[in-house]
Each structure stands twice: as C-alpha cells, then as structure tokens.
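# Topology and contacts: notes
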Amino acid sequence: MGISDLSITIEKSFSHLREREIESILSLGNGYIGTRNSLEEFYPDCNPASFIGNMYVQGPDDEFNFLVKIPDWTRIKIYVDDELLNLRTQEVIENSRSVNFAEGIAVREWKNKDKHGRITNIKILKYISLANKNGMGKLLVIKPENYTGNIRVTTGIDCGVAEFGYLLNMNSESRNFALVHMKTKYSDRELKIFQKSTFEAKDVHIYYIENSYNGSYENFEWRAELGKCYAIESLCSLNGHPMDSFDKNFDQHKAKWAERWQESRILIKGNVYDQRLVNFATYHLVNSGEFSGNSCSIPARNLSGESYMGHVFWDTEMYLLPFFILTKPEIARALLMYRYNTLNGARQNAINEGYKGASYAWESTDTGLEAAPSVAILPNGEVIPILSGKHEIHISPDIAYTVWKYWEATGDEDFLVNYGAEMIFETARYCESYITKEDDGLYHINKVIGPDEYHELVDDNAYTNYLVRNNFDVAIKTKEKLNIKDEETERWKEITDKIYSGLNPKTGLYEQFKGYYNLEYIDLNEYEPRTVPMDVILGREKTSKTQVVKQADVLMFMFLFGGRFSKEDVAINYDFYEKRCGHGSSLSPSIHCIIAARTGKIQDAYRYFLKNAQIDIGNEFGNAAGGVHIASAGGAWMSVVMGFAGLYYAEDGFWFDPHLPEEWESIEFSIVWKGERKDIYIDRESIIAT
Ligand code: IFM
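This report concerns the structure included in the present document. (Residues numbered from 1 in each chain as written. Predicted model: local features only at pLDDT ≥ 70, side-chain atom pairs only at ≥ 80, totals over all residues. Heavy atoms only, no water.)

### Some words on the overall build of the protein
Each helix and strand in the protein was counted, giving 18 helices and 32 strands. Here the protein has a C-alpha radius of gyration of 26 Å; the compact-globule value for 690 residues is 26 Å, and the two agree. Expressed as lengths along the three principal axes of its C-alpha atoms, the size of the protein is roughly 85 × 55 × 55 Å. Scored against the burial criterion, the 690 residues of the protein give a buried share of 61%. Contacts in the protein between residues far apart in sequence, at least 24 positions, make up 67% of those at least 6 positions apart. (Helix = DSSP H or I, 4+ residues; strand = E, 2+ residues; numbered from the N terminus. Rg over C-alpha atoms; globule rule 2.2 N^0.38 Å. Buried < 20%, exposed > 50% of the residue type's maximum accessible area, 1.4 Å probe, protein only. Contact = heavy atoms within 4.5 Å.)

This is the structure we're talking about:
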C-alpha cells in the first residue's frame, strides 16, 4: 500500500484476506450516500455495499432497525470476444486502486492479459458527488493494447447485493437508461437508482438495456481497434433521472472538494508520513459530513461498512463535531438538528425506562428510539446481555455538552434559542429523574456504564457524573439567557453543587467509579505485544474485576473540559489511568494523545497519535473490513489541533498552548470562530492567528 500526499494507493490489490478491509479504507461518500470501493466486476471475496444515510429498515421480527444495503451502482463487466475479463483466472499485469483525496475520486488501473494473450488496458474512475446530494458517476476507459476485437461492456446497477429480505424489486422497464426501482418491504419507502451513460466513440456500436430481477444494465458492444481508447461515461443518481452532463457534474464535484480541502486542511511541515495520515483522516471526515445531518447523522463506521448496522453513537458528538464546529459550522448545525429531530424518540425512551425528559438512544437511527441490541452472541456461542442501551446514559449529557460547545464557537443564538435549549432542558430533566439524593446529602448516579464498557452497572462513574453536572450547568446558563426563573432551575443549582465527583482533593485523582480502587491491578506490559483486546485475553467476567479500562474515561472529561484543570492534575490522572488502559476501543488512543500532548509528554502523545491515525490504514484493530472507524479520523484531527496545537476554547475566546512533536516544524490550519475564518500558524517560536 502506498500513501502519497493526497492519495492512497493499493497495488496488486487482489488479496483474499485484505479485500474487504481495502474496500472500507478506499470508500467514497458524501454524507448521504456511501459506497465501499469494491472491484467493479465482483468476486465472491468482495463485499460491495452502498448505503443511504437515513434508509433504515426493520422487519416484524427484528429487535431494532438498521441501514439497508442498497443495489450496487458501481458494477461493470468487460467481455473481449465474449470472454469475461477476470483478474482471478487471467493474468494481471497491473491492478491498482487509489483514492485521490484531493478530488474525491476512486481510480483503478487494470492491465489484463487473457488466455488468448490479448492485453486490455482499463481505467475506471468513480465518485460520489460532493456537490449534488443524489449524484454518483463512473468513467470507464478501455484500450485494446495488442489486438482488434469485439468488446462488450455491461455497466449498471446490480441488485444481487441488496437485502431482498427488506427491499422489494419493482422490476422497472426502462428504455434508454438503466433503472432499478425498489420499495422497502415493511415501510413502503421508494428507492430508485438511475444510470445514463454516453459512449463518445464514433465507431458503430450496439446499445441495449437489460432489465431483470438481478439488476438493470446498459450494454455497449463495438469493434475495438488496436491501440484506440474508448470511454464510457455514466452518470448515476438517486430518485431522479440524471439531467446534467457528465463533465458538468464531475467538475462541480471536483470544485467542491477543492473548496472543502481549503477549509479543512491541516499542513504539517517536517514529517511527510504524518501529513499523509492526517490527509487520510480529513478525506474521510469531509466525505462523512457534507450532506449528513437533519434526517440522518454519521454512523460509527460512516457509510462504509456494515459494522454497528449504521447506528449512530456518541462518536458523532464527541469525536466528529469538534472538526465540523470549527471548520464547517453549518454541517455541525445540521448534525445537531438530527438530534433535535429525534428528540421525540428520546422522550419516548425516557418514558419507556420510567424517567422524565429525553433519553437519547445509545444507538440511534432515524427515529431516535433506542436501537441497541439487548443481547449479543460471542464467537463461542455464549449469549450475553448488552446493557449499554439502558445504562450508557452519558450519551444525553454528551449531546447537551456539544450543543453548548457549538453555541460557544458559533454564537448561533437562533439555534440555541429555538432548538438547542429544548435539548439541553430535556436532557437535564432526564438526568434529574435518574439521579438520587442519598443519606450523605450528595447526589449520586447509580447503575451506569461509563465510556469504559469493561465495567458495567457501576455507581458514580466519574465521567457520567461530570457530564451530568455540566448538563445542569449549561441548562441553568441557558435559562438565564432566556430569562427563565423557575423552581426546576433552583433544583438544578442544588444538584450541581452537591453531585458526587469521585475526586480526592488531596491527591488530585478521580476514582473512575465507586470501588474501582479495590479492583485487582493488572500490569498491562506483561501482555505486550498483543493483538487482541484485554477482555478477550482475560475473559469478560475477569476483566470486570480488574482495573483494566477499555478506553479513556476520567481522561475523557479532562480532555472535554480542558481549560478547567491544572496541567498537574491532568498529569496525575494521566499517569494513573494510562497504565491501566487497554485501548479496547478505537476511541481511546486519540484522547490519550491529546492529554499527553497537553501535559507536555510529547513522546507518549506522538506514539498515541500514530496508534490512532493508523487504525484503519494499518488495520490495527483487525476489523477495518466492517467500515472506516470514523471517530478515529475525528480523533486524528483533534490530536493535531487540540493536542499538539493545544487549542482550547470557551464562550469568550480561543487560545493555544502548543507542544509540537520533535520532527514537526510547524502546523497550519484554519478554524471558524463566531462566523469568521481564522488562519492559524504555529511553530516553536510563534502562534499566529489571522
Ligand atoms: O461508541 C463506541 C463505544 O464507545 C465503544 N464501542 C464502540 C462504539 C462505536 O464506535
């Protein structure tokens, strides 16, 4: 694999073991449509999949809904004198796949020698438009290198990969374009995918459409002359016939990517590899966000794979929103509007659990109703309960936190007054109904799961309590802004004063939850090097009885509320918890990077920066096949901007406390602060914001 400045290339790419991982890493998207980058002619090892951000389906026997795999618009088959070109059975002279990050284009170069010695040069470009929410395109260029012969290209939309249990094929009869028309089986929602191609060559050719249950294809047949290039341009679109020309669409898409790079790019001087890692992350962040929001959000694996079934987690608010708030606030607003639009679902969750206000779903879909499974089946067949849906309640105050951070950075009063306030109040009401006042006169939150999911049903998880307290805090501030004085505000004030925190003022250390210190200490070094998470090595039960932490928990809130803690206090907690963290989640290393950088432990920070930024490229967790870990892309951006550049912000301004890694000479990026774009330059001597 080669990663150059603004592209990533996978050479000789047909490896059975890595194929599905490559499809994720090289995926395309625009926040509304997402497509895995599969080999267009399809092999059994491939897992081609496309998703639409809000197209969730649920059957009568399903516990929850999930993003459905839609038909594959990328399918192309090439026949030379009726022989299908196939890189598994014929000689592959060259086959490489890349994504040109700068323009959001997937590029495949394939030179194939068939059994008769005929060499065909093929180039395929694919894109999902960043300028047009419903648009996709593919360009095929074919050149017979050493022969003249008959070529047939079948290009279109394949239904074989779609989930027929959930989609009904309406069997359209199209005449001069390809069209797949489907309906969701249980909700009657329509889906149409069109494709119209143009074949520029003057040569006489045959064109026909083939429609069947398995798909809709345009076919081109012609006599191809030795050494001549033939191009077929295909415009695809959702729910409407593509009207524009291929060139116009393609140009708009490329122009939009150029604009978004301008707004989002981080420049690192001094280390080319690190620059490339950050570009990789930025590419996926931009493609995840553009048309996301309002009716859909960004799933944990973006729209690039089936893991987590397209469900949306706290990952979006805590790991992706910082990037959007500071580089493209309108996308951040749309993503928060998704939470506003699912507030009724969150209210229903609270009622279902016997609480008040709004309880956001730990795993959210289009309705906001809880979509976390209640059980999972382990590889050994054991069925275990999944408690996160009922107990990982920090998602609600996490959303309130992000609403407030969005308001701090943008000053968007309209959003706060008309939408944000309601979310903040409703989540505060939920927290109030969950919390209990105990005999010690303090407020406690019992039986929760914090970010560290190795320890379930714990009391007074420090992260949850801190975020809940902040939820009341921002609710009180919002009420003050809106001139609301009422009894509930008084109650919330009392809770913020008297909520249990787990802090030992003498040592500066937070206990992750009550009783954590009594658990068995495990020296994680003894298990290194390891390729599997600690809960797999020790077993779930045993892990829960140890101090091994799955991911940043105390360190997570110290990151979120950075400006409030002294460096010494942060360092005390880092030294304690870093030793105990097994990084069983991809969300963990980036937060360790930021905390280490902020406390001046640059070598640790750099090590964690690499660990995080290589999660997908290096398949560090072994599960990239399930889709890109989009939170780790957000974590890479945060590591540079909030870690090494040391950006902090509050309502009245932003500031930097940089700690650059040894090899980095400078960092440049831009942020939007209260509607104005600021260019930031940081090196060892200066911090310049213009
Ligand atoms: O949200 C995360 C969670 O913190 C750890 N398990 C995976 C989820 C989705 O990324």
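Now that the structure has been shown, the text picks up again.
### Observations regarding the packing of aromatic side chains
By convention here, two paired aromatic rings are described through the distance between centres and the angle between planes. A full pass over the atoms with the stated rule returns 53 aromatic pairs. Residues Tyr166 and Tyr186 carry aromatic rings whose centres are separated by 6.2 Å and whose planes lie at 70° to one another, so their mutual orientation is edge-to-face. Of this pair, Tyr166 sits in the loop between strand E14 (149-158) and strand E15 (167-169) while Tyr186 sits in the loop between strand E16 (178-184) and strand E17 (190-199), placing them 20 residues apart in sequence. Overall, the relative accessible area of 42% leaves Tyr186 in the partly exposed class. With 5.8 Å between their ring centres and 45° between their planes, Tyr516 and Tyr577 make a pair best called tilted. (Phe/Tyr/Trp six-rings, centres within 6.5 Å; stacked < 30°, edge-to-face > 60°.)

### Here we look at the environment of Gly389
Relative to the assigned elements, Gly389 resides in helix H7 (residues 388-391). Residue classification places Gly389 among the partly exposed positions, given a relative accessible area of 22%. Taking the C-alpha atoms as reference, Gly389 lies 37 Å from Ile8; in sequence the two are 381 residues apart. Here Gly389 is in contact with Trp362, Glu370 and Ala372, once residues within four sequence places are set aside.

### A word on the sheet that holds strand E5 (residues 50-52)
Taken in spatial order, the 3 strands line up as E3-E4-E5 in an open sheet, and their pairing is antiparallel. The sheet is open, and its two edges are formed by strand E3 (28-29) and E5, each paired on a single side. As paired strands, E3 and strand E4 (residues 33-35) are joined by 2 bridges and run antiparallel to one another. What sits directly across from Gly29, in E4, is Gly34. (Pairing = 2+ DSSP bridges.)

### Describing the pattern of salt bridges
Applying the stated rule across the entire model yields 47 salt bridges. Among the salt bridges present, the one from Arg429 reaches Glu488, with a minimum N-O distance of 2.7 Å. Within this pair, whereas Arg429 is found in helix H9 (residues 413-434), its partner Glu488 is found in helix H11 (residues 487-498), the two being separated by 59 residues in sequence. The exposure class assigned to Arg429 is partly exposed, which follows from its relative accessible area of 26%. Judged by its relative accessible area of 13%, Glu488 falls in the buried class. If you follow the salt bridges from partner to partner, you end up with Lys256, Glu259, Arg260, Glu263, Glu290, Lys328 and Glu330 in one network. (Salt bridge = Lys/Arg side-chain N within 4 Å of Asp/Glu carboxyl O.)

### Quick look at the site of the ligand
In the vicinity of the ligand, the contacting residues are Ala300, Tyr308, Phe313, Trp314, Asp315, Trp362, Glu453, Lys550, Gln551, Ser585 and Leu587. Between an oxygen atom of the ligand and a side-chain N or O atom of Asp315, the distance comes to 2.6 Å. Gln551 places a polar side-chain atom, nitrogen or oxygen, 3.3 Å from an oxygen atom of the ligand. When the free accessible area of the ligand is taken as 280 Å², the share hidden by the protein chains comes to 92%. Classifying every residue of the shell around the ligand by side-chain character gives 6 nonpolar, 2 polar and 3 charged. (Near = heavy atom within 4 Å. Polar contact = N/O pair within 3.5 Å; in protein donor to acceptor, adjacent residues only side chain to side chain. Areas by Shrake-Rupley, 256 points an atom, 1.4 Å probe, with all protein chains shown as cover. Nonpolar A, V, L, I, M, F, W, Y, C, P; charged D, E, K, R; others polar.)

### What about helix H18 (residues 630-644)?
Under the 1.5 Å per step criterion, the end-to-end length of H18 is 20 Å for 15 residues, consistent within 8% with the ideal 21 Å. Residue Met638 marks the point of greatest curvature in H18, where the axis turns by about 35°. Among the 15 residues in H18, 15 count as buried, and that is most of the element. (Expected span 1.5 Å × (residues − 1). Bend = angle between axes of the 7 residues up to and from the residue.)

### Structural notes on the packing of helix H3 (residues 272-289) against helix H4 (residues 315-327)
Close contact between H3 and H4 brings their axes to 11 Å; oriented N to C, the two are set at 85°. Here H3 lies roughly perpendicular to H4, going by the angle between them. Where H3 approaches H4, its residues Leu285, Val286, Ser288 and Gly289 are matched on the opposing element by Leu320, Phe323 and Phe324. Its residues assigned to classes, the contact of H3 with H4 shows 5 nonpolar, 2 polar and no charged. (Axes fitted to C-alpha atoms, helices over the stretch in contact; angles between N-to-C directions. Parallel < 35°, antiparallel > 145°, perpendicular 65-115°, else oblique.)

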